[in-house]
Amino acid sequence: MRAGALAGAGILLAGCAREPLAGDASVGDDAGGGTTYDGPPVSLSYWNGFTGGDGPIMLALVDKFNGAHPNIDVAMNLVRWEDYYQKVPAAVYSGAGPDVGIMHIDQLATYAALNVILPLDDVAAALGLAEDDFAPVVWEGGIYNGKRYGIPLDMHPLGFFYNKGVMKEAGLDPNKPPATAAEYEAALEQMKSKGIQGSWVSPFLFTGGLMFQSLVPQFGGSLYAADGSRATFDSDAGVEALSWLVGLVDKGYSPPNVGQDADNGAFMNGDNAFIWNGPWIIGLYASNPALEWGVTPLPRIGTERGAWGNSHNFVVMNQREPDPNRLQASKVFISWMSNHSIEWAEAGMVPARRQVRESRAFAKLAEQNQFAKEIDYMHLPPPVPGIPDAQEAVERAVNEAVLRIKSPRDALADGARIANDLLAENRASYGGG
Amino acid sequence: MAQSATRPLARARPREVDRPRVAGSSAATPYLFLAPFLVLFGVFVLGPSLYALWISLHEWNYLTGDQPWTGLANFTDLFEAGTASGRFFWQSMGATGKFVLFSVPPLVLVPLGVALVLNAKFPGRNFFRAVYFAPYVLGVAVVSLTWRFLLDPAIGLVNFYLTEWGIIDTPIAWTNSLPWAWVTLVLVTVWWTLGFNTVIYLAGLQDVSRDLVEAARVDGASRWQVFRHVTVPQLRNVFVFVITVTIIASANMFGQSYMITQGAPGDETRTAIMYIAQEGFQFKRMGNAAAMSVILGLFLAALGALNFAVFRGRGE
């Protein structure tokens, strides 16, 4: 009996070991690049994590695409972003992955290095995508080892939302949101005198972690060396940034130990006046008629302007059984989406392409235009494989400092040490990429 | 099989008269009956466990071409001072240990009390039995998110009423400070799962001999003496089961930490399972994660053995 079980396990082991995904880049380079598709009818699966108010807008775009392309049928599937980067690679590896997906720009290098996604230089060429049509961080962020892996759909930098009702209550002019460190702190001091804690600092990525990642470049620092070889968020600039953030709690402008999403809840309830949040939240605020709010670029707290940002990119998944028809249809889908990115802007996002941002249709979107102002100083982690692992260390450092477990300097130093270990480990496992 | 005793035992060998066999059965019969379970056990428990042991001996990212053999390096790394994964792993094991220590006593004792009350005869007894069991049918996400909102330090209802009624002056950071994060995790888990152990105790109480209870009463035993010397000894096997299952469930705690505290403050409430899942599925260092799972598994096996040993020593 025991021998039988072991033999069975042996068969199982053999069954689990699969060939690695083919790394031959040429599979992505066949002709066409995605302007037209004349082949037999195909159905494509398209996965993304737009589970919020952005989901219906993306679905409407997909329906519109299906209507205009009788021989292509795209089915959209939602996976929460929290699970997305675990499920998608596993699905692709087992040959059950989608044809097309969305990935954040800071994830592209990792999954390009792991052969989960395919190069799309031909799509970019067919679309006539050119460097000057994109912000440099977004253009360069999609390139790994000289090949383009992502077609940028949008950009979403962090913006400054202010609750006009709370500002009025404190005797502040609701149409003059603070734009500098002095104005920011003066407004908070005035609110404090009226018993209002005006700028809640969350110890979690949303939104305290994102505030920190915006403040580091504002104080002249960066999270990592430009080549992604080591962490630099423990520099003096990083310490200044985190100390300013923790100072908001110390000075009583924020309650201590803010819970997950409580900063946002308090903003919507009229307990919190200021929140640094992304454009994805616009829909939620707009759907609440009792909430009077506005949004502008982030205030300049340090010596320069700076904002955390990210970008949704279209990617094509590597397939165990490549099908030229589906591949071609996938590229047609991405091209069409890229050309209709103005409609996606309704979800709150800033279109990645300059020509779309400069269109009259985009000019009508008041809030989105505030975010568009930040494009030139939007900061992303460098495009090296495994960088999301190191970001975890940044999150932990902010958590420890905001919850007063460690001083900002110690938290950042410990975090940078861990991040450097991870970066070195990743360099080894991704072959120096 | 007991029914077969009524059949003639013509072919039974004399020595086996007390263990009757079904006519036409063979030596394989018991194994055939066990087979459906053994197949599932083999495919979903034994096979994956052995596979994990194999993975733990490699540097294993399922997406890359080669999974280099590293021998015991994944294990020795965990025991070497100074490695980040080792430090985080033992911290998470410590967190799991604390949770087991804090949560098992209330999860064993509170349901016993509830079961004793619900075992008495009073109007509405079935209603209350259902009420106490009700939270157990909820999913961990529902329970965790509900309590996260209720216990939010700044905008939660619990702090609101505690301050309103003058019980506390400053809000308690239920979800992201120590020791409150542990208090929260234990309270939520007890509220959520006490119904399960209660049902087990209730079933066990039905088997407590009424004759012995009455005999003890007649002999003048107090209620406490009856409970201590008549009821408890008869529940011994139930205790072994409840304690073992509860220790395993608490050692596998993941959802509550993941959703209520996110491991905060810092990594204080990040449990071993949570760290293993992160290391394996998020960072795709499956060799490391498998090695950690093996160690966690060994710890649990040792605890289980200890538990049985203690109770066996007490009995007979």
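Residues numbered from 1 in each chain as written. Chains lettered and ligands numbered in written order. Predicted model: local features only at pLDDT ≥ 70, side-chain atom pairs only at ≥ 80, totals over all residues.

**Considerations on the overall build of chain B**
From N to C terminus, chain B includes 13 helices and 0 strands. From first element to last, N terminus to C terminus, chain B shows the α and β order α-α-α-α-α-α-α-α-α-α-α-α-α. On C-alpha atoms alone, chain B measures out to a radius of gyration of 25 Å, which is more than a quarter above the 20 Å that the 2.2 N^0.38 rule sets for 316 residues. Taking the principal axes of the C-alpha coordinates as reference, chain B spans close to 70 × 65 × 35 Å. Residues classed as buried in chain B amount to 30% of the 316 residues present. Intrachain contacts of chain B at a sequence separation of at least 6 include 64% that bridge at least 24 residues. (Helix = DSSP H or I, 4+ residues; strand = E, 2+ residues; numbered from the N terminus. Rg over C-alpha atoms; globule rule 2.2 N^0.38 Å. Buried ≥ 20, exposed ≤ 12 C-beta atoms within 10 Å, placed from the backbone. Contact = placed C-beta atoms within 7 Å.)

**Quick look at the overall build of chain A**
On a plain count of helices and strands, chain A comes out with 19 helices and 14 strands. Taken over C-alpha atoms, the radius of gyration comes to 23 Å for chain A, in line with the 22 Å a tight globule of 433 residues would show. In terms of overall dimensions, chain A has C-alpha extents of about 70 × 60 × 45 Å along its principal axes. For chain A, with 433 residues in total, the buried portion stands at 52%. In chain A, 80% of the contacts between residues at least 6 apart in sequence involve partners at least 24 apart.

**A short note on the interface of chain B and chain A**
With 29 residues of chain B at the contact, the number on the chain A side is 35 residues. Breaking the side of chain B that touches chain A down by element, the ones donating at least two residues are α1 (29-55) and α12 (272-282) of chain B. Looking at which element gives the most residues to the side of chain B that touches chain A, the answer is α1 of chain B, with 6 residues. Among the residues forming the side of chain B that touches chain A, the class breakdown is 15 nonpolar, 11 polar and 3 charged. (Nonpolar A, V, L, I, M, F, W, Y, C, P; charged D, E, K, R; others polar.)

**Let's talk about the pairing of strand β1 (residues 42-48) of chain A**
All names here are of chain A. Judged from the 7 bridges that link them, β1 and strand β2 (residues 72-78) form a sheet pairing that is parallel. The residue bridging Trp47 from the neighbouring strand is Asn77, located in β2. For the crossover from β1 across helix α2 (residues 54-68) to β2, the handedness is right-handed. With 2 bridges joining them, β1 and strand β3 (residues 100-104) adopt parallel strand pairing. (Pairing = 2+ DSSP bridges. Right-handed = clockwise from strand over helix to strand, strands pointing away.)

**Some details on the confidence of the model for chain B**
Residues of chain B with pLDDT of at least 70 account for 91%, and the chain-wide mean is 89. Confidence over residues 1-10 of chain B falls short of pLDDT 50; this stretch has 7 contacts with residues more than four positions distant or in other chains. (pLDDT = per-residue confidence, 0-100.)

**What to know about helix α10 (residues 236-251) of chain B**
A rise of 1.5 Å per residue sets the reference length of α10 of chain B, with its 16 residues, at 22 Å; its end C-alpha atoms lie 22 Å apart and thus fit the reference within 8%. The set of residues buried in α10 of chain B consists of Val238, Val242, Ile243, Thr246, Ile247, Ser250 and Ala251 of chain B. (Expected span 1.5 Å × (residues − 1).)

**A look at the packing of helix α3 (residues 84-119) of chain B against helix α7 (residues 180-206) of chain B**
Geometry of a packed helix pair, given as the angle between the helix axes and the separation of the axes. All names here are of chain B. Across the interface, α3 lies against α7 with an axial gap of 6 Å and an inter-helix angle of 45°. With respect to α7, the element α3 is oriented oblique. The way α3 lies across α7 gives a crossing that is right-handed. Residues that form the contact of α3 with α7 fall into these classes: 19 nonpolar, 6 polar and 1 charged. (Axes fitted to C-alpha atoms, helices over the stretch in contact; angles between N-to-C directions. Parallel < 35°, antiparallel > 145°, perpendicular 65-115°, else oblique. Left-handed = near helix turned anticlockwise from the far one by under 90°.)

**Things to note about the sheet that holds strand β6 (residues 151-152) of chain A**
Residues and elements named next belong to chain A. Taking strand neighbours across the sheet as the criterion, the 5 strands line up as β2-β1-β3-β12-β6 in an open arrangement whose pairing is mixed. Every other strand in the sheet has two partners, leaving β2 and β6 as the edge strands with one partner each. Here β6 pairs with strand β12 (residues 312-316) via 2 bridges, running antiparallel. Within β12, the position partnered with Pro152 by the bridge is Asn313. Packing of helix α13 (residues 324-339) onto the sheet brings it into contact with β1, β2, β3, β6 and β12, and relative to β1 it is tilted by some 55°.

**Re unusual backbone geometry**
Cis geometry is adopted by the peptide bond preceding Pro179 of chain B, which originates at Leu178 of chain B and carries an omega value of 0°. Note that Pro179 of chain B resides in the loop between α6 (157-164) and α7. Here the bond from Ala264 of chain B into Pro265 of chain B is cis, since omega is -5°, no more than 30 degrees from zero. Note that Pro265 of chain B resides in the loop between α11 (255-261) and α12. One non-glycine residue, Asn257 of chain A, adopts positive backbone phi at about 50°. Unlike most non-glycine residues, Asp261 of chain A shows phi in positive territory, near 65°.

**Considerations on the sheet that holds strand β10 (residues 293-296) of chain A**
Residue and element names in this part refer to chain A. Pairing is antiparallel across the open sheet formed by 3 strands, whose spatial order is β9-β8-β10. Strand pairing shows two members of the sheet lacking a second neighbour, β9 (274-277) and β10, which therefore form its edges. Put simply, the sheet's adjacent strands are angled 25° from each other on average, direction ignored. Where strand β8 (residues 159-163) meets β10, 4 bridges bridge the pair, whose relative direction is antiparallel. Looking across to β10, one finds that Asn163 is bridged to Trp293.

**Some points on the environment of Tyr144 of chain A**
Residues and elements named next belong to chain A. On the secondary structure map, Tyr144 appears in strand β4 (residues 143-144). Owing to 21 C-beta atoms within 10 Å, Tyr144 belongs among the buried residues under this scheme. Separated by 42 residues in the primary sequence, Tyr144 and Ile102 place their C-alpha atoms 17 Å from one another. Excluding residues that lie within four positions of it along the chain, Tyr144 makes contacts with Leu108, Ala109, Ala112, Ala113, Tyr149 and Pro383.

**Some words on the confidence of the model for chain A**
All names here are of chain A. Here chain A averages 90 in pLDDT, and 92% of its residues register 70 or above. When mean pLDDT is compared element by element in chain A, β9 scores highest at 98, while helix α1 (residues 2-16) scores lowest at 44. Across residues 1-15 the pLDDT falls below 50, and counting only partners more than four positions away or on other chains, this stretch makes 11 contacts in the model. In this model residues 25-31 is a low-confidence stretch, pLDDT under 50, and it forms 14 contacts with partners more than four residues away in sequence or in other chains.

**Thoughts on the environment of Leu248 of chain A**
All names here are of chain A. Relative to the helices and strands, Leu248 resides in helix α10 (residues 236-250). Distance from Leu248 to Gln197, taken between C-alpha atoms, is 9.5 Å for residues 51 residues apart in sequence. With residues up to four places along the chain from it excluded, the contact list for Leu248 reads Ser199, Val201, Tyr253 and Ser254.

**Quick notes on helix α19 (residues 408-429) of chain A**
The end-to-end C-alpha separation of α19 of chain A is 31 Å, in line with the 32 Å expected for 22 residues at 1.5 Å each. Along α19 of chain A, the residues classified as buried are Pro408, Ala411, Leu412, Gly415, Ala416, Ile418, Ala419, Leu422, Leu423 and Asn426 of chain A.

**As for the packing of α3 of chain B against α10 of chain B**
All names here are of chain B. Across the interface, α3 lies against α10 with an axial gap of 9 Å and an inter-helix angle of 145°. The handedness of the crossing between α3 and α10 comes out as right-handed. Contact residues: α3 offers Thr96, Phe99, Val100, Ser103, Val104, Leu107 and Val108, while α10 offers Val242, Ile243, Thr246, Ile247, Ser250 and Ala251. Of the residues that constitute the contact of α3 with α10, the class distribution is 9 nonpolar, 4 polar and no charged.

**Some details on the environment of Pro68 of chain B**
Residue and element names in this part refer to chain B. By the element assignment, Pro68 lies in the loop between α1 and α2 (73-79). With 89 residues separating them in the primary sequence, Pro68 and Leu157 have C-alpha atoms 53 Å apart. If sequence neighbours within four positions are ignored, Pro68 has contacts with His58 and Glu59.

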